[in-house]
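Structural description and commentary
For reference, the chains in residue letters:
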Amino acid sequence: MTDAYNRDQAPQQQADEEAFDLSLRPQFLGEYIGQSELKAELSVYIQAAQSREESLDHVLLYGPPGLGKTTLAKVIANEMQVNMQSTSGPAIEKTGDLLALLNELEAGDVLFIDEIHRLPRSVEEMLYSAMEDFYVDIIIGQDEGARALHFPLPPFTLIGATTRPGALSSPLRHRFGIMEHMRYYQVEELEEIVKRSSQVFDSEIASPASHEIALRSRGTPRIANRLFRRVRDFAQVYRDNHMIDLDITRQALTVLQVDEKGLDQLDRKILDTMIKFYQGGPVGLTTIAANLSEEATTIEDMYEPYLIQQGFIQRTPRGRVVTALAYQHLGYPYQEDE
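Residues numbered from 1 in each chain as written. Predicted model: local features only at pLDDT ≥ 70, side-chain atom pairs only at ≥ 80, totals over all residues. Heavy atoms only, no water.

Taking an unreviewed UniProt entry as the reference, the protein chain is identified by name as Holliday junction branch migration complex subunit RuvB belonging to Aerococcus kribbianus. The record in UniProt for the protein chain states the following under Sequence similarities (unreviewed entry): "Belongs to the RuvB family." The protein chain has a UniProt comment under Subcellular location (unreviewed entry) that states "Cytoplasm". (UniProt positions renumbered as here; feature names shortened; annotations may be inferred.)

Here it is in structure tokens:
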């Protein structure tokens, strides 16, 4: 079964999966599963802005990747009944790029910037007046012929998304009137997301199977949907009725090397490296990254938050430390420091 499945994804399959993700995204707050407290707050702010016939205050969404920040931004735009322009911090290389985006906005529209912590400094500084007073000043011409041009903007809502809120400068962060922390999802919420995905794509899934996928999804809807797609592939190939049952789910997740705690191969490699080579720590993040030939930011943003949340790693002033729980999970004997 492994050989039949373990092939590189073709570009067409990747495109199909992107379309799959888009089709699963809720359009309004009532359809959005999870993040209940956040949704309740946003509902109040949206209704208040609509009653005043004003644009919504600027919103900063932060939290680990895959929790639905982009989806929530689109939901906010839909609830406000406005259009949304989407981009990312690395895509805005110069002030002219930002000006082109701002020029496309109409009153009340949403400008969504993913990875907003990666904006160039010059672009960020242009955002200050755009966010506060809805104008930008640009310099045209050079040397003695240079002159400032005052460029007014319609009232708009900037929604920024980031996995690293601490990387935002203080002036930019303080210009957001609404700051919301997106948290990991509960198993029950992820199970509901998996069941909804199966209904959207007319795939029959047993409750134990959807629960198993939810358990191994790291509290993250994006991962839940990705695992569902792969399990669905296995069921289509190895089940005559294409039924996604618990047995085929566990077989698929074993092939994918996703264990019962949601740890994948790199998660376990991080913990293994710290235990085998550094006696469980403390060890620095850059040292871990060098051992694994990975970027330190990749480990810090994508892997470490879940390992910390699950109690497998602790941060200390001297570095990262593997906990007794991680030793137990990986089957290593744990000896307390004397």
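Let us look at the UniProt feature "binding site: Mg(2+)" (unreviewed entry) in the protein chain. When the UniProt feature table is mapped to this numbering, "binding site: Mg(2+)" (unreviewed entry) covers Thr 70. Looking at the element boundaries, Thr 70 is found in helix 4 (residues 69–80). Excluding residues that lie within four positions of it along the chain, Thr 70 makes contacts with Arg 25, Phe 112 and Asp 114. (Helix = DSSP H or I, 4+ residues; strand = E, 2+ residues; numbered from the N terminus. Contact = heavy atoms within 4.5 Å.)

On to the packing of helix 9 (residues 207–215) against helix 11 (residues 246–255). Interaxial distance between helix 9 and helix 11 falls to 8 Å at its minimum, and their mutual angle equals 25°. For the element pair helix 9 / helix 11, the angle class is roughly parallel. In this structure, helix 9 uses Pro 208, Ala 209, Glu 212 and Ile 213 to contact helix 11, whose residues at the interface are Leu 246, Thr 249, Arg 250 and Leu 253. Tallied by class, residues from the contact of helix 9 with helix 11 come to 5 nonpolar, 1 polar and 2 charged. (Axes fitted to C-alpha atoms, helices over the stretch in contact; angles between N-to-C directions. Parallel < 35°, antiparallel > 145°, perpendicular 65-115°, else oblique. Nonpolar A, V, L, I, M, F, W, Y, C, P; charged D, E, K, R; others polar.)

All right, on to the pairing of strand 1 (residues 59–62) then. Pairing between strand 1 and strand 6 (residues 157–162): 4 bridges, direction parallel. Note on strand 6: the bridge partner recorded for Leu 61 is Ala 161. Two elements, strand 1 and strand 7 (residues 178–181), share 4 bridges in a ladder whose sense is parallel. From the neighbouring strand, Leu 61 faces strand 7, where its bridge partner is Glu 180. (Pairing = 2+ DSSP bridges.)

Two elements in contact, helix 5 (residues 95–103) and helix 6 (residues 121–133), have axes separated by 9 Å at closest approach and are oriented at 35°. The way helix 5 lies across helix 6 gives a crossing that is right-handed. Contacts from Thr 95, Leu 98 and Leu 102 of helix 5 reach helix 6 at Ser 122, Val 123, Met 126, Leu 127 and Ala 130. Residues that form the contact of helix 5 with helix 6 fall into these classes: 6 nonpolar, 2 polar and no charged. (Left-handed = near helix turned anticlockwise from the far one by under 90°.)

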